[in-house]
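What follows is each chain in one-letter form.
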Amino acid sequence: MSQSVSGAETVERQRTASIERVTNETDIKLQLAVDGEGKSDFHTGVPFLNHMLDLFTKHGQFDLSVQAKGDIEIDDHHTVEDIGICLGQALLKALGDKQGIKRYASVYVPMDEALAQVVIDLSNRPHLEYRAQYPSSQVGTFQTELVHEFLWKLALEARMTLHVIVHYGHNTHHMIEAVFKALGRALDEATSIDPRVKGVPSTKGVL
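Residues numbered from 1 in each chain as written. Predicted model: local features only at pLDDT ≥ 70, side-chain atom pairs only at ≥ 80, totals over all residues. Heavy atoms only, no water.

S.K.: Please set out the side chain of threonine 57 residue by residue, giving values where relevant.
M.R.: Counting through the fold element by element, threonine 57 comes out in helix 1 (residues 47–60). At 2.8 Å, the side chain of threonine 57 forms a polar contact with the backbone oxygen of leucine 53. For threonine 57, the residues in contact, after removing those within four places along its chain, are Gly38, Lys39, Ser40, Phe42, Phe62, Asp63 and Leu64. (Helix = DSSP H or I, 4+ residues; strand = E, 2+ residues; numbered from the N terminus. Polar contact = N/O pair within 3.5 Å; in protein donor to acceptor, adjacent residues only side chain to side chain. Contact = heavy atoms within 4.5 Å.)

Right under this line is the structure:
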């Protein structure tokens, strides 16, 4: 899908990116379309991450494909971390000079008893502020500390300011699910084109 950006002239381009990352620990191929339809295709070897990425994609209306092989026989850390890196790099590449985007977003998402909030600034200043305390250290075989690892690498590589707050909840699965749904919706809003914006939404003239 092409995007039209208001300004001195109309710019149309595909906001898509493909990233390949091969290390001694992981082999990842990732494709992202910012202006998608919520289509997903995930083969990561980490079932809970597949589930969370599916929620992120659907609620963000992105198209996202991730094919990953990692050393999950050790644990899921390297795979989760490197997928966060690749997704951040893809987002940064797909957005280009960020002309016409809204830039900011703040989204609350409830999931039954849990409530999560995600606040984003596509600022070119990477920062993660993460406030979450989960009742359990694992969901199935997935270690909840890896949520922080994924979000930090995403924020770092996408060069965005990302605040994630889980206000309350008592089911760890619900709490993390609310985070990924809110993340998708917040990124959808922050990356969307505002026809009133001329150039980039910054007094500096660049993002």
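S.K.: An account of the environment of leucine 49 is needed here, citing residue identities and associated values.
M.R.: Secondary-structure assignment places leucine 49 in helix 1. On the basis of relative accessibility, which here comes to 2%, the residue leucine 49 falls in the buried class. Sequence separation of leucine 49 and tryptophan 152 is 103 residues, and the distance between their C-alpha atoms is 15 Å. Leucine 49 has contacts with Val80, Ile83 and Phe150, leaving out every residue within four places of it along the chain. (Buried < 20%, exposed > 50% of the residue type's maximum accessible area, 1.4 Å probe, protein only.)

S.K.: I'd like a rundown of the environment of serine 136, residues and numbers included.
M.R.: Among the secondary structure elements, serine 136 is positioned in the loop between strand 9 (127–131) and strand 10 (138–139). Judged by its relative accessible area of 31%, serine 136 is partly exposed. The contact partners of serine 136, leaving out residues within four places of it in the chain, are Thr144 and Thr172.

S.K.: Just give me the short version of the sheet that holds strand 9, but keep the residues and values in it.
M.R.: The strand order 7-8-12-9 describes an open sheet built from four strands, whose pairing is mixed. Only two strands of the sheet have a single partner each, and these edge strands are strand 7 (104–111) and strand 9. Between one strand axis and the next, the sheet turns by 10° as a mean value, whatever way the strands run. Across five bridges, the pairing between strand 9 and strand 12 (residues 161–168) is parallel. The residue bridging histidine 127 from the neighbouring strand is threonine 161, located in strand 12. (Pairing = 2+ DSSP bridges. Axes fitted to C-alpha atoms, helices over the stretch in contact; angles between N-to-C directions.)

S.K.: Let's hear about the nonpolar core: which residues, and what values?
M.R.: Counting residues in hydrophobic clusters, the biggest one holds 65 residues, and the most contacted among them are Ile120, Phe150, Leu151 and Leu162. When near neighbours in sequence (up to four residues on either side) are disregarded, isoleucine 120 contacts Arg103, Tyr104, Ala105, Met160, Thr161, Leu162, Leu183, Ala186, Leu187 and Ala190. (Core = buried A, V, L, I, M, F, W, Y, C linked by side-chain atoms within 4.5 Å.)

S.K.: So what's going on with the side chain of histidine 174? Residues and values would help.
M.R.: In this structure, histidine 174 sits in helix 4 (residues 172–191). A residue is classified by how much of its surface remains accessible, and histidine 174, at 18% relative accessible area, is buried. Only 2.8 Å separates the side chain of histidine 174 from the side chain of glutamate 113, close enough to count as a polar contact. When sequence neighbours within four positions are dropped, the list of residues in contact with histidine 174 reads Met111, Asp112, Glu113 and Ala114.

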